[in-house]
Amino acid sequence: MGYFGEDTPKLGFGLMRLPKLEDGKTIDIEQTKTMVDMFMKAGQTYYDTAYVYDGGESEKATKLALVDRYPRDSYTLATKLNAWHMCNNMEEAKNQINISLERTGAGYFDYYLLHAIMDGNVHLYDEYDLWNYAKQLKADGKVKHWGFSFHGTPELLEKLLTEHPDIDFIQLQLNYADWEDEKVASRKNWEIARKHGVSIVVMEPVKGGALANPPAPVAEVLKNADPDASYASWAIRYVASLDGIITVLSGMSNIAQMEDNLSYMADFRKLNAEEAQVIEDAKAAFDKVNSIKCTACHYCTEGCPMQIKIPEVFAARNQELIWSNPERAKREYDNQTKESLASTCIACGQCESACPQGLPIIDLLKDISAAYEN
């Protein structure tokens, strides 16, 4: 039985982590253009950005690299309305689509999402009446399909899909490392979506890059199964093989990542039974690894009063937890905390309320401070 989006090419270009120039801040438009050209030549069509990505620069880059250079009917474009990040009230929330349309020059959006809904922020989407607003945008022709991206509990997802049966699709964090994770709940949320007959766009298939360079025990499992396959290919093909998937977003940051992704997704084939067992073995290996499961989305940093570079600090800590390299961990920590140490955290909780992964950030910062500031 078919489903909405079944015929969509299964690799989506996530525009959240675009390549940067040497300053580390400015998007490298020329490299992005090359990546778009490669993506289009391979017959892929789905692009995903958001009002808040790179403070709006992602949408502007989309115009320069894609919209200005290709016919509008040759690709599909998704963006998102965020009611809690870079937004102060209902009027600002509802005006985001106008700004997004101006930034991208796209004329309309094929997919429009209420962004990063979690148990702690869903009240804003309700209070601002954004569910009905999204439906009206579709009726007005500004968007073709609407839905929401989700980082909440299975109980909340069940509630939302029951209350809003007319949504066209949802976006979920699905990957093999989070499949049975109690907080991310990839499997449970996927099952609820399919129970309601809702199609899914996959985000974080390689868990913010963690599964593109997995811990040694996981890497060993995958390399023994196929020495020539990239680690990312296992992760992306796994979720693309699930039922009800529209496309799998890969936040590619350079030409090499684009080349790798296209090498196995331009002519996508689902995992066979033997390959599926390899993933089960990789899951078991990953579950035994102690690490901070941060995807570096940076939602936590925008409102941090102490301007702590939380994802970068966590990445430094993972150098020791995952790779058993305390010297590098300390060196990277020192490089990232010149402005503000982990110990400057005032435990205001802003970061924890914004974290899609539900991480105990305050306690983690205390641990890192004790490890590297003595």
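The preceding data block contains the structure.
Residues numbered from 1 in each chain as written. Predicted model: local features only at pLDDT ≥ 70, side-chain atom pairs only at ≥ 80, totals over all residues. Heavy atoms only, no water.

(A) Region of interest: the packing of helix H8 (residues 216-225) against helix H11 (residues 273-287). Where H8 contacts H11, the axes come no closer than 8 Å and their chain directions differ by 165 degrees. In terms of orientation, H8 lies roughly antiparallel with respect to H11. Along this stretch, H8 crosses H11, giving a crossing that reads as right-handed. Each of Pro217, Val218, Val221, Leu222 and Ala225 in H8 lies in contact with H11, whose residues at this interface are Val278, Asp281, Ala282, Ala285 and Phe286. For the contact of H8 with H11, the class distribution of residues is 9 nonpolar, no polar and 1 charged. (Axes fitted to C-alpha atoms, helices over the stretch in contact; angles between N-to-C directions. Helix = DSSP H or I, 4+ residues; strand = E, 2+ residues; numbered from the N terminus. Parallel < 35°, antiparallel > 145°, perpendicular 65-115°, else oblique. Left-handed = near helix turned anticlockwise from the far one by under 90°. Contact = heavy atoms within 4.5 Å. Nonpolar A, V, L, I, M, F, W, Y, C, P; charged D, E, K, R; others polar.)

(B) A look at the pairing of strand S7 (residues 199-203). Counting buried residues along S7, 5 of its 5 residues qualify, which places the element largely inside the surrounding structure. Burial of S7 is two-sided: the residues Ser199, Val201 and Met203 facing one way and the residues Ile200 and Val202 facing the other way are all buried. Pairing of strand S6 (residues 169-173) with S7, which is carried by 5 bridges, proceeds in the parallel orientation. Note that in S7 the partner of Gln173 across the bridge is Met203. Here S7 runs beside strand S8 (residues 245-250); their pairing, made up of 3 bridges, is parallel. What sits directly across from Val202, in S8, is Val248. (Buried < 20%, exposed > 50% of the residue type's maximum accessible area, 1.4 Å probe, protein only. Pairing = 2+ DSSP bridges.)

(C) Expanded view of unusual backbone geometry. With a phi close to 60 degrees, Met86 is a non-glycine residue in the positive phi region. Along the chain, the position of Met86 falls in the loop between strand S3 (76-81) and helix H3 (90-104). The class of Met86 is partly exposed, set by a relative accessible area of 30%. Located in the positive-phi region is Asp129, a residue other than glycine, with phi close to 55 degrees. Position of Asp129 among the secondary structure elements: in the loop between helix H4 (122-127) and helix H5 (130-139).

(D) The arrangement of the pattern of salt bridges in detail. This model, assessed by the stated rule, comprises 25 salt bridges. Of the charged contacts, one joins Lys20 and Asp54 as a salt bridge, the two residues approaching to 3.4 Å between their closest N and O atoms. Linking Lys20 in the loop between strand S1 (11-14) and helix H1 (29-41) with Asp54 in the loop between strand S2 (46-48) and helix H2 (57-67), this pair joins segments that are 34 residues apart in sequence. In this structure, the salt-bridge partner of Lys60 is Glu57, at a minimum N-O distance of 3.3 Å. In this pair, Lys60 and Glu57 are both assigned in helix H2, 3 residues apart and thus about one turn of the helix distant. The exposure class of Lys60 is partly exposed, given its relative accessible area of 38%. You can call Glu57 partly exposed: its relative accessible area is 37%. Among the ionic contacts, a cluster of salt bridges with common partners joins Glu180, Arg187 and Glu191. (Salt bridge = Lys/Arg side-chain N within 4 Å of Asp/Glu carboxyl O.)

(E) Spotlight on the side chain of Arg194. One can find Arg194 in helix H7 (residues 186-195). One polar contact links the side chain of Arg194 to the main-chain carbonyl oxygen of Val198, over a distance of 3.1 Å. Only 2.8 Å separates the side chain of Arg194 from the side chain of Asp243, close enough to count as a polar contact. Apart from residues no more than four positions distant in its own chain, Arg194 is found in contact with Tyr3, Ser199, Ile200, Asp243 and Gly244. (Polar contact = N/O pair within 3.5 Å; in protein donor to acceptor, adjacent residues only side chain to side chain.)

(F) Representation of the packing of aromatic side chains within the structure. Going through the model one piece at a time under the given rule, you end up with 16 aromatic pairs. Here the aromatic rings of Phe109 and Tyr112 are separated by 6.2 Å at their centres, their planes lie at 20 degrees, and the arrangement is stacked. Taking the relative accessible area as the measure of exposure, Tyr112 reaches 1% and is therefore buried. Both rings, one in Trp179 and one in Trp190, keep their centres 5.8 Å apart while their planes meet at 45 degrees; by these two values the pair is tilted. Here Trp179 is found in the loop between S6 and H7, whereas its partner Trp190 is found in helix H7, with 11 residues between them in sequence. Connected via pairs of aromatic rings, a cluster forms that spans Phe4, Tyr46, Tyr111 and Phe169. Over the face of the ring belonging to Tyr3 we find Arg194, whose NZ or CZ atom lies 5.6 Å from the ring centre. The ring of Tyr231 has Lys223 lying over it, and the distance from NZ or CZ to the ring centre is 5.2 Å. (Phe/Tyr/Trp six-rings, centres within 6.5 Å; stacked < 30°, edge-to-face > 60°. Lys NZ or Arg CZ within 6 Å of the ring centre and 35° of its normal.)

(G) Structural context of the packing of helix H12 (residues 310-321) against helix H15 (residues 361-372). Packing of H12 against H15 brings their axes to within 11 Å, and their N-to-C directions diverge by 55 degrees. Comparing the axis directions of H12 and H15 gives the class oblique. Crossing geometry of H12 relative to H15 is assigned as left-handed. Facing Ile310, Val313, Phe314, Ala316, Arg317 and Glu320 of H12, the residues of H15 in contact are Ile361, Leu364, Leu365, Asp367, Ile368, Ala371 and Tyr372. Here the contact of H12 with H15 is composed, by residue class, of 10 nonpolar, no polar and 3 charged.

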